[in-house]
Amino acid sequence: MADDKDVLRDVWFGRIPTCFTLYQDEITEREAEPFYLLLPRVSYLTLVTDKVKKHFLKVMKAEDVEEMWFDFEGTPLKWHYPIGLLFDLHASNTALPWSITVHFKNFPERDLLHCPSNSVIEAHFMSSIKEADALKHKSQVINDMQKKDHKQLWMGLQNDKFDQFWAMNRKLMEYPTEEGGFRYIPFRIYLTMSDRPFIQKLFRPISSDGYTHTLGDLLKEVYPMAISSDDESKRYQVVIHGIEPLLETPLQWLSEHLSHPDNFLHISVIPAPSD
Amino acid sequence: MPVSLLWAVDVYGRVYSLSTRGQQWEQCRDAVLEFKRVTAVQQCCWGIACDHHIYLNVHSSDVPIRYQEETFENQRWNPLDNFSDRLLPSDRWQWSNITGLEHQPLDSFFLPSSNWEWEGDWYIDENFGGEPTEKEGWTYAIDFPATYTKDKKWNSCVRRRRWIRYRRYKATDTWAKIPSEGHSGPLPDPFNDISCGGWEISEEPRGRLSLWAVSLQGKVWFREGIHHHSPEGDGWEEVSLPGEVVQISCGPGDLVWAVLWEGQLIVREGITRDCPRGSSWVVVDSPNPEAGAIHVAVGDNVVWAVTKDNKVWYRRGINSYNPRGSGWIGMIGEMVMINVGLNDQVWGISCEDRAVYFRQGVTSSELSGKAWKAVNVPRDGDIRSHSSASSSSLHSAGCFFSGEVRAQSVMSEDSDTKNGPQRAVLEEASLREADAKSPPLTHLAVGPAGVRGDAADTCSLSSVATYTLCQEEPYGADEHPLWAWVSGGGCGVDCHSQLNWFNSATALSSSVQSMSLSISPAQTAAWRKQIFEQLSERSKREMDNFKHYEQAIEQSVWVKKGTMQWWRDWKPHKWVDVRFALEQFSGPEGNQDGILFLYYNFNEEKKYLHAFINEVTILVPVLNDSKHTFAIYTAERTKQRWPIRLAAATELEMHDWLALLSVSCCDSRGIQGPPSKQALWSVTCKGDVFVCEPSPSLETCPYPTPCDQMFWHQVGGHLRLVESNSLGVVWGVGYDHTVWVYTGGYGGGFLQGLARSTDNIYTQTDVKCVYIYENQRWNPVTGYTNRGLPTDRYMWSDATGLQECTKANTKPPSPHWTWVADWAIDYGISGGTDREGWQYAADFPTSYHGHKTLKDFVRRRRWARKCKLTTTGPWQEVPPIPLSDVTIIPCGAQSIVEPIPLWAISNKGDVLCRLGVTLLTPAGTSWLHVGTDQPFKSISIGGASQVWAIARDGSAFYRGSVTAQSPSGDCWYHIPSPVRQKLQQVSVGRTSVYTVDQHGNLWFRQGLTPSCPQGSSWEHISNNVRKVSVGPLDQVWIIADKVQGSHSLSCGTVCHRLGVQPMEPKGQSWDYGIGPTHVTGSRHT
């Protein structure tokens, strides 16, 4: 691999092998087989689990079925986080396939949002893109797009059409050459051990004196704990799309290449495995 | 952007230059003298030193400045001595010039100055009109002057031969003193100001320059005879004046302004190609009646001035018809002086802090720019000069600058001054007053008016500006350089240039950028490598063992629709509105594929046309001055020579479609990323660059892939010719002769997003000329007028005369091009012109000649207008020598550091051999000049390092003994051209050599063997050939004209020679490929 375009493809076509098992307390007519699926890292759980639902409904009575939700080792999985993020955050260092438990009852109202239809996902996805563009270009690019262009972004994600999506998304990734980057980098930093869902701040890719900000600079500013000093052993892993980029990676490059389709850079800070 | 230099002189008289890539001022070390002023152009820099002499610093180049001296030896036959130097009394000299009118023995030739040296001794020229003469170079005739032939006949009574000797300018990269002599002895008074320019007045190859100088007494002098072969010029000519001048400025073109002592300005008028000195002066009032002008600076189309109160003024309404302009506009900022450089960019030295300022935002539409920005970079010698300053401060303790400035005098080398050994100080305008406590001080400058007074008293007033700053100041004085003069005449920046001059924070960390282009540092950065590695690890970890899992999302069809105009297939052909759709779906192996639909109405009936994406062979943008059009070819349509021609409503829409279609086509054929090393490269006549990935079956026998099925896709950039080899080294030459090397990236231009890489894409510009013709017919009453016969062509037309082309209605070739100059007469047209650019003929259309004869009833002249394209592509410039042809060895080097032979011809006709070209450094390091007796035009190197070249006179040459040890070979062997044909272009394969002559005939060289690499004779292969390219396996590709299509004959078709076999190197027949896209050659590998 020698080219940045390959990074985009690798990011887009990242898949997590997953084993869906029905929660033991669910009432079934006969025993439910686990269901195996390759989940796109950049998509959303509820968008890609129609097959899972169909599979389990075959063994269940209609009256026992409410809204489907998922947990991993007891943690309810938020569908509005990209799948790759959920995996990195909760299951990075566990064995594959990722074992997800499927529920059809006792929806955890406090932890999860309802997802009655794909249009809810679309609305969430589009609002993320708009928020990201507000940070990157004062919303100028997204507002210049037509309705059909917005649709193209969504359809690209929904149907896993890399070219279709990027034909439009590249416009969101452009910036004036003389500025050297976006206005602000749309990012979110997630911490497993914190009560806050995530950290989000205004952060520029280039400092006022022309210095290129790196991932390390961002963490120093936003969450210095994540950086271990030289003399201590690594306490945290900083994970994006299942990899740990070096701290000197330019933030602008990360934003252009390792952002999710919602145009945010989702960064997980997780405790380093203590082996 | 090539590296170029901004020159400046500080108040100590030290000369510095700042590179457009650099981040610090580099001191010009070999300047032994202090300098007062410098004026730079791209190839050299002139300066006035403190001894008041003028010095010239010619920048060294890989191509030396050489001048060919020639003389003729004449002999007459007599029965006694046979041919001897005993001539008749009525005959010419025994040694003469070509006309025979001047006596020129060999020992009458001298070097013009000590800055020249002889390259070798005199030798006989054995080349006669493109053919070798043998027989010691003698050519024979019946009598002088007559037509000479190379063969002796029974009636040959006289003979002559040509002797040549080269001299070379040796004083490069050093300050060479120019003797200050006018045509009538030494000049009476020393120079005070100097300005160089005028290179745009005549055509480039001659390289003429105008140099204007002002003496201390206010006289103006013009330096005669400066051109490429004579960088020093001949001598000074005084220019008469309406007053006394203080300062003068000369632009690249015909703009020359000067400032008078009284504060008015004068403008030179009547500057033309034939009269670069101009004819008269016109006075223009100072912008401010109270404060006269003290300084003026002119560019192509701008004039800036500074008045005595240091206010800066911009002159409105300057153009080539009105060099006087129309009015002054006051600008913000107080400056000591202003200088206008290339592209009308402006520099100034601020009155307040003596820093060099750059005018930001100067564009051709906004010539006055936006704001001043300080050039804020350190000097290379800051530490060194610090110490020297402190040592000199021992002598001048108690001297202060800024308000309490003291000046310290310095010793001068010039001892003939009346002021004794202590020299005075002169610096315009900056120092209102200076405190004269410093004992050795004799003169002080108090602005120009003050100097004027001094000058009157002491005629030979010397004027070295030398201030020393006191070290007692809290901050080291050298923290802040104080500048006296700046010259940007050689500094090629424009408003798009990325300069590192304004940000000193990073200045010292990266001072010099390496010229090697192969791998950019960003590409190899550890963080990037880490991401690449981790991503592939991740894929392995998360996906490799789970491929049998079901995918969560099933693939489906995706459609993009739009409206377009279509050049319909049936007559009458015209643009009709159509709906256009691309349906994309995943193919059986997961690859993308698609179908194009074009829905149209025919007789009220809805119909459609379709094309499979995987059958599209090329997508070409087509030049059209009003519509945004492109053409889609498939194999079938290539055979018919009738593509699908489409026009989009806007440029953006066309680019969107082209980018999308291009990606789809590449996807459907599994092409991703940069072109492979074996790729075939070509450029269209429009300048677009295309590559084709060769399939293994391309050369299979007996059924190679037909040309019309080859798939070409575009990469960014704009080139006139491209050359590649099988190692992936690719060079291109633009229409403006700029040289570009392929960077390994892909994309650029309209290709965005996925179809391009993010690295290795750079801005690329190209300049070409649009030509129109002014036609006139003679009538007995009024002579030549623009009133033609009713049957005549348009009086303003294109070359064919069929299309009306006036100055006003002629547009640039496409909306991407913008005009960058005004219409100008083109004197460089073949056939020659008279002084006004006219060419004469008996009638339209015939052949034209450059002088009027009695039989001529019509005349025409060509007007040219430059236009410029700015685009992006995977190309980086190889400065500084412009080229007209380039060739790379088709195969060879296997290791990445092994040198790859690359030869080229400069646009002046010099043959060059590039050193240091390797896989790692495809741009190479430097040029090695290979001497020739005449300019060359085409060159080609074959698989076994055979170098063949074509001279401008149409003869062929073979270069002997080219090896890895001696990359430039040892001598040229003259190969006679086919009878009565002037050769045009040559291409060499592994063993075979093909040439094309001026009439489009393709010739094959017979009898080439290792022992006789020159071969024996030419064999005719084909006609209607425009260009030939022979591959490393002796594959032959041509660009042919007049290939039969379904609708018409087409021009510029790529054809492949079939049946080329080791035993049959000539092949059998042609296979006709793409066209009429006008593909011009590439070296197939």
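Residues numbered from 1 in each chain as written. Chains lettered and ligands numbered in written order. Predicted model: local features only at pLDDT ≥ 70, side-chain atom pairs only at ≥ 80, totals over all residues. Heavy atoms only, no water.

Overview of the overall build of chain B
Then, number 1: Summing up its helical and strand segments, chain B has six helices and 75 strands in all.
Then, number 2: In chain B, 56% of the contacts between residues at least 6 apart in sequence involve partners at least 24 apart.
Then, number 3: Summing over all exposed atoms, chain B offers an accessible surface of approximately 46100 Å²; the carbon and sulfur share of this is 52%. (Helix = DSSP H or I, 4+ residues; strand = E, 2+ residues; numbered from the N terminus. Contact = heavy atoms within 4.5 Å. Areas by Shrake-Rupley, 256 points an atom, 1.4 Å probe, with all protein chains shown as cover.)

Describing the interface of chain B and chain A
Then, number 1: Across the boundary between the two partners, chain B contributes 41 residues, which contact 57 residues of chain A.
Then, number 2: Summed over both sides, the interface between chain B and chain A buries roughly 4400 Å², with carbon and sulfur atoms accounting for 56% of that surface.
Then, number 3: At the junction of chain B and chain A, the tally comes to five salt bridges.
Then, number 4: The closest approach of N and O atoms between Asp656 of chain B and Lys171 of chain A, which form a salt bridge, is 3.3 Å.
Then, number 5: There are 12 residue pairs in polar contact (both at pLDDT 80 or more) connecting chain B and chain A.
Then, number 6: Here the element with the most residues in the side of chain B that touches chain A is helix α4 (residues 526-543) of chain B; it accounts for 14 residues. (Buried area = accessible area lost by both parts, 1.4 Å probe. Salt bridge = Lys/Arg side-chain N within 4 Å of Asp/Glu carboxyl O. Polar contact = N/O pair within 3.5 Å; in protein donor to acceptor, adjacent residues only side chain to side chain.)

Overview of the sheet that holds strand β7 (residues 236-239) of chain A
Strand-to-strand pairing in sheets goes through backbone hydrogen bonds, with the strands running parallel or antiparallel.
Residues and elements named next belong to chain A.
Then, number 1: As summarised here, the arrangement of the three strands in space is β6-β8-β7, forming an open sheet in which the pairing is mixed. Of all the strands in the sheet, just β6 (187-191) and β7 have a single pairing partner and so form its edges. With direction set aside, neighbouring strand axes in the sheet form an average angle of 20 degrees.
Then, number 2: In this structure, β7 lies alongside strand β8 (residues 265-271), joined through four bridges in antiparallel fashion. For Gln237, the partnering residue across the bridge sits in β8 and is Ile270. (Pairing = 2+ DSSP bridges. Axes fitted to C-alpha atoms, helices over the stretch in contact; angles between N-to-C directions.)

Quick notes on the nonpolar core
Then, number 1: Of all hydrophobic cores here, the largest spans 87 residues; its most connected members are Phe20, Trp98 and Ile189 of chain A.
Then, number 2: The leading source of residues in this core is helix α3 (residues 83-91) of chain A, at six residues.
Then, number 3: Ignoring anything within four residues of it in the chain, the contact list for Trp98 of chain A reads Ile16, Pro17, Thr18, Cys19, Phe72, Leu77, Ile83, Leu86, Phe87 and Ala91 of chain A.
Then, number 4: Core analysis: the next-biggest nonpolar cluster, separate from the first, contains 35 residues, Val739, Val878, Ile888 and Trp927 of chain B among them. (Core = buried A, V, L, I, M, F, W, Y, C linked by side-chain atoms within 4.5 Å. Buried < 20%, exposed > 50% of the residue type's maximum accessible area, 1.4 Å probe, protein only.)

Some thoughts on the UniProt feature "domain: Peroxin/Ferlin" (unreviewed entry) in chain B
Then, number 1: Here, UniProt's "domain: Peroxin/Ferlin" (unreviewed entry) annotation points to residues 64-125, 137-170, 765-826 and 837-870 of chain B.
Then, number 2: The distance from the first to the last C-alpha atom of residues 137-170 of chain B is 30 Å, and the span holds 0% helix and 44% strand. (UniProt positions renumbered as here; feature names shortened; annotations may be inferred.)

Quick look at the sheet that holds strand β6 (residues 54-58) of chain B
Residue and element names in this part refer to chain B.
Then, number 1: An order of β4-β5-β6-β16 is seen for the four strands of this open sheet, with the pairing classed as antiparallel. Two strands close off the open sheet at either side, each with one partner strand: β4 (35-40) and β16 (176-178). In this sheet, adjacent strand axes meet at a mean angle of 30 degrees when their direction is disregarded.
Then, number 2: Inspection of the sheet shows strand β5 (residues 44-49) paired to β6 by five bridges, in the antiparallel sense.

Things to note about the confidence of the model for chain B
Residue and element names in this part refer to chain B.
Then, number 1: Taken as a whole, chain B shows an average pLDDT of 78; of its residues, 81% reach a score of 70 or greater.
Then, number 2: Taken as a whole, residues 383-477 scores under 50 in pLDDT and shows 163 contacts with residues more than four places along the chain or in a different chain.
Then, number 3: The low-confidence segment residues 1074-1085, where pLDDT is below 50, has 74 contacts with residues more than four positions distant or belonging to other chains.
Then, number 4: Both confidence scores are given for the complex: pTM 0.69, ipTM 0.90. (pLDDT = per-residue confidence, 0-100.)

A short note on the pattern of salt bridges
Then, number 1: Throughout the structure, instances matching the rule amount to 36 salt bridges over all chains.
Then, number 2: We note a salt bridge from Asp274 of chain B to Arg835 of chain B, for which the minimum N-O separation is 3.8 Å. Placement of the pair is Asp274 of chain B in the loop between β25 (265-269) and β26 (280-284) and Arg835 of chain B in the loop between β53 (824-826) and β54 (838-841), with a sequence separation of 561 residues.
Then, number 3: With relative accessibility at 36%, the residue Asp274 of chain B sits in the partly exposed group.
Then, number 4: Overall, the relative accessible area of 61% leaves Arg835 of chain B in the exposed class.
Then, number 5: Between Glu334 of chain B and Lys311 of chain B there is a salt bridge whose closest N-O contact spans 3.6 Å. A residue pair is termed long-range when its members are at least 10 positions apart, and Glu334 of chain B in strand β30 (residues 327-340) and Lys311 of chain B in strand β29 (residues 311-316) qualify at 23 residues.
Then, number 6: Residue classification places Glu334 of chain B among the partly exposed residues on the basis of a relative accessible area of 40%.
Then, number 7: Where salt bridges share partners, they join Arg41 and Asp88 of chain A together with Arg541 and Glu542 of chain B into one cluster.

Topic: helix α6 (residues 651-668) of chain B
All names here are of chain B.
Then, number 1: Over its 18 residues, α6 runs 25 Å from end to end, which matches the ideal 26 Å to within 8%, given 1.5 Å per residue.
Then, number 2: With 15 of 18 residues buried, α6 is to be regarded as a mostly interior element.
Then, number 3: Of the residues one or two after α6, Gly670 is the one with positive phi, at around 70 degrees. (Expected span 1.5 Å × (residues − 1).)

Regarding the side chain of Arg568 of chain B
Residues and elements named next belong to chain B.
Then, number 1: In this structure, Arg568 sits in the loop between β36 (558-567) and β37 (575-586).
Then, number 2: One buried charged residue, Arg568, forms no salt bridge at all, with the nearest opposite charge on Asp569 at 9.0 Å.
Then, number 3: A distance of 3.1 Å separates a polar atom in the side chain of Arg568 from the backbone oxygen of Pro572. (Lys, Arg positive; Asp, Glu negative; His and termini not counted.)

What about the pairing of strand β45 (residues 712-718) of chain B?
Remark: a regular strand shows side chains that alternate across the two faces of the sheet.
All names here are of chain B.
Then, number 1: Counted residue by residue, β45 has seven buried out of seven residues, so it is predominantly covered.
Then, number 2: Strand direction decides the pairing type here: strand β44 (residues 688-692) and β45, joined by five bridges, are antiparallel. Its bridge partner being in β45, Asp688 is matched across the sheet by His718.

Points about the packing of aromatic side chains
Then, number 1: Applying the stated criterion to the full structure yields 53 aromatic pairs over all chains.
Then, number 2: Seen from their ring centres, Tyr599 of chain B and Tyr608 of chain B are 5.9 Å apart, and the 45 degrees between their planes marks the pair as tilted.
Then, number 3: Tyr599 of chain B sits in the partly exposed class, given a relative accessible area of 27%.
Then, number 4: Three or more aromatic residues link up through ring pairs in this structure, and these residues are Trp12, Phe13, Phe162, Phe165 and Trp166 of chain A.
Then, number 5: Arg268 of chain B extends its terminal NZ or CZ atom over the ring of Trp281 of chain B, reaching a point 4.8 Å from the ring centre.
Then, number 6: Stacked on the ring of Trp927 of chain B, the Lys or Arg Arg914 of chain B has its end atom at 4.7 Å from the ring centre. (Phe/Tyr/Trp six-rings, centres within 6.5 Å; stacked < 30°, edge-to-face > 60°. Lys NZ or Arg CZ within 6 Å of the ring centre and 35° of its normal.)

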